[in-house]
Amino acid sequence: MTTTTRVTTRTVISCAATVLLASVLLATVLLARTAAAQDGPAPARVTDGIRLPAQSLSSTDDASATLLNPANLAFLPGPELRFTLMQPGEASTVPTRGYAVDLAVPLWVFATGLRVDFMIPPDGAAFPFVVAKEGRRYNWVRWGTSVRLGEFASIGTTLAWSNAKTEQLHDLFSVSTGLTLRPIRHLSASAVIRDWNTPENSAGTRTEPSVDLATSIRPFWGQQLLELGIEGSYRS
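First, a word on scope: everything that follows refers to the structure included in this document. (Residues numbered from 1 in each chain as written. Predicted model: local features only at pLDDT ≥ 70, side-chain atom pairs only at ≥ 80, totals over all residues. Heavy atoms only, no water.)

**So, the packing of aromatic side chains**
In step 1: Scanning the entire structure with this criterion turns up 5 aromatic pairs.
In step 2: Centre to centre, the rings of Tyr 99 and Phe 118 are 4.8 Å apart; their planes meet at 20°, and the pair counts as stacked. In this pair, Tyr 99 is assigned in strand 2 (residues 98-107) and Phe 118 in strand 3 (residues 110-119), connecting sequence segments 19 residues apart.
In step 3: On the accessibility criterion, Tyr 99 (30% relative accessible area) is partly exposed.
In step 4: The class of Phe 118 is partly exposed, set by a relative accessible area of 27%.
In step 5: Here a set of aromatic residues connected by ring pairs shows up, and it is made of Phe 83, Tyr 99 and Phe 118.
In step 6: Above the ring of Phe 75, the side-chain terminus of Arg 182 is found at 4.2 Å from the ring centroid. (Phe/Tyr/Trp six-rings, centres within 6.5 Å; stacked < 30°, edge-to-face > 60°. Helix = DSSP H or I, 4+ residues; strand = E, 2+ residues; numbered from the N terminus. Buried < 20%, exposed > 50% of the residue type's maximum accessible area, 1.4 Å probe, protein only. Lys NZ or Arg CZ within 6 Å of the ring centre and 35° of its normal.)

Take a look at the structure:
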């Protein structure tokens, strides 16, 4: 009696996706526990943009994915134009104040997005966002592309350029790459390697690479009725 086991490409991909998903989930939990043990939130990166607190790296499938996680651009249901505003007071120490405009378009298994962040740091932020006790305006122009591998995975990259009158915030170029895994519609996990080219300008402003991880669960048929999530970030 001979038993034949057939291993298909889909089976191999599913197994690989499951292993990667488990790794991302474990790493996310570890990073989140490490962040919780530290005093205060992670410091802002010069390359950060306008982000709403409720937006998830792993489940946000709108035009803002150009900033959050370029891999998710490929999961957009259709073209989208989006405006985002963040307006904390002048005493805030968080520099990511301002507004952003996004335009993203899915093209079959591909997608692309264009985003401009108009940054207006409050006077309470730290250097280099504030010079001589005054917040310095600067802009980021971002272009993201993504490709979807079926319905269970996608990968994408965002290129970003800064522009400012203040030399510390001017002429920075950043590259970030994201990966999203969705083996089932109830579960999504993402990893984003930010600033992996180590952006630096002539004024000496430098941003070290960092890694953001996130996992989200939608227990009710994969719908947005309820979403549970966890995120972690590793900074050099």
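After presenting the structure, the write-up continues.
**Describing the environment of Pro 199**
In step 1: In this structure, Pro 199 sits in the loop between strand 9 (187-194) and strand 10 (210-217).
In step 2: A relative accessible area of 1% means that Pro 199 is categorised as buried.
In step 3: The sequence separation of Pro 199 and Trp 161 amounts to 38 residues, and the corresponding C-alpha distance is 9.8 Å.
In step 4: When neighbours within four sequence positions are excluded, Pro 199 is seen to be in contact with Thr 47, Leu 172, Phe 173, Ser 174, Thr 205, Arg 206 and Thr 207. (Contact = heavy atoms within 4.5 Å.)

**Quick word on a nonpolar patch on the surface**
In step 1: The grouping of Leu 81, Phe 83, Leu 85, Tyr 99, Val 101 and Leu 103 at the surface amounts to a nonpolar patch, some 590 Å² of accessible area in total.
In step 2: Every element with two or more residues in the nonpolar patch is listed here: strand 1 (80-86) and strand 2.
In step 3: Within the element layout of this structure, Val 101 appears in strand 2.
In step 4: Residue Val 101 is classed as partly exposed on the basis of its relative accessible area of 33%. (Patch = residues over 30% accessible without salt bridge, like charges linked within 9 Å, V, L, I, M, F, W, Y side chains within 5 Å. Areas by Shrake-Rupley, 256 points an atom, 1.4 Å probe, with all protein chains shown as cover. Salt bridge = Lys/Arg side-chain N within 4 Å of Asp/Glu carboxyl O.)

**Some details on the sheet that holds strand 2**
In step 1: Spatial strand order, 1-2-3-6-7-8-9-10-11: 9 strands in an open sheet with antiparallel pairing. A strand with exactly one partner marks an edge of an open sheet, and here the two such strands are strand 1 and strand 11 (228-235). Along the sheet, successive strands turn relative to each other by an average axial angle of 15°, direction set aside.
In step 2: When strand 9 meets strand 10, the two strands line up antiparallel, connected through 8 bridges. Residue pairing across strands places Arg 194 opposite Ser 210, the latter belonging to strand 10. (Pairing = 2+ DSSP bridges. Axes fitted to C-alpha atoms, helices over the stretch in contact; angles between N-to-C directions.)

**Description of unusual backbone geometry**
In step 1: Between Phe 127 and Pro 128 the backbone carries a cis peptide bond, its omega angle lying at 5°.
In step 2: Phi angles above zero are rare outside glycine, and Ala 132 is one such case at about 55°.
In step 3: Examined against the element boundaries, Ala 132 turns out to sit in the loop between strand 4 (130-131) and strand 5 (134-135).
In step 4: Classification of Ala 132 as exposed rests on a relative accessible area of 67%.
In step 5: Look at Asp 171: it is not a glycine, yet its phi comes out positive at around 60°.
In step 6: Secondary-structure assignment places Asp 171 in the loop between strand 7 (153-164) and strand 8 (173-184).

These values are about where atoms sit, not about what they do.
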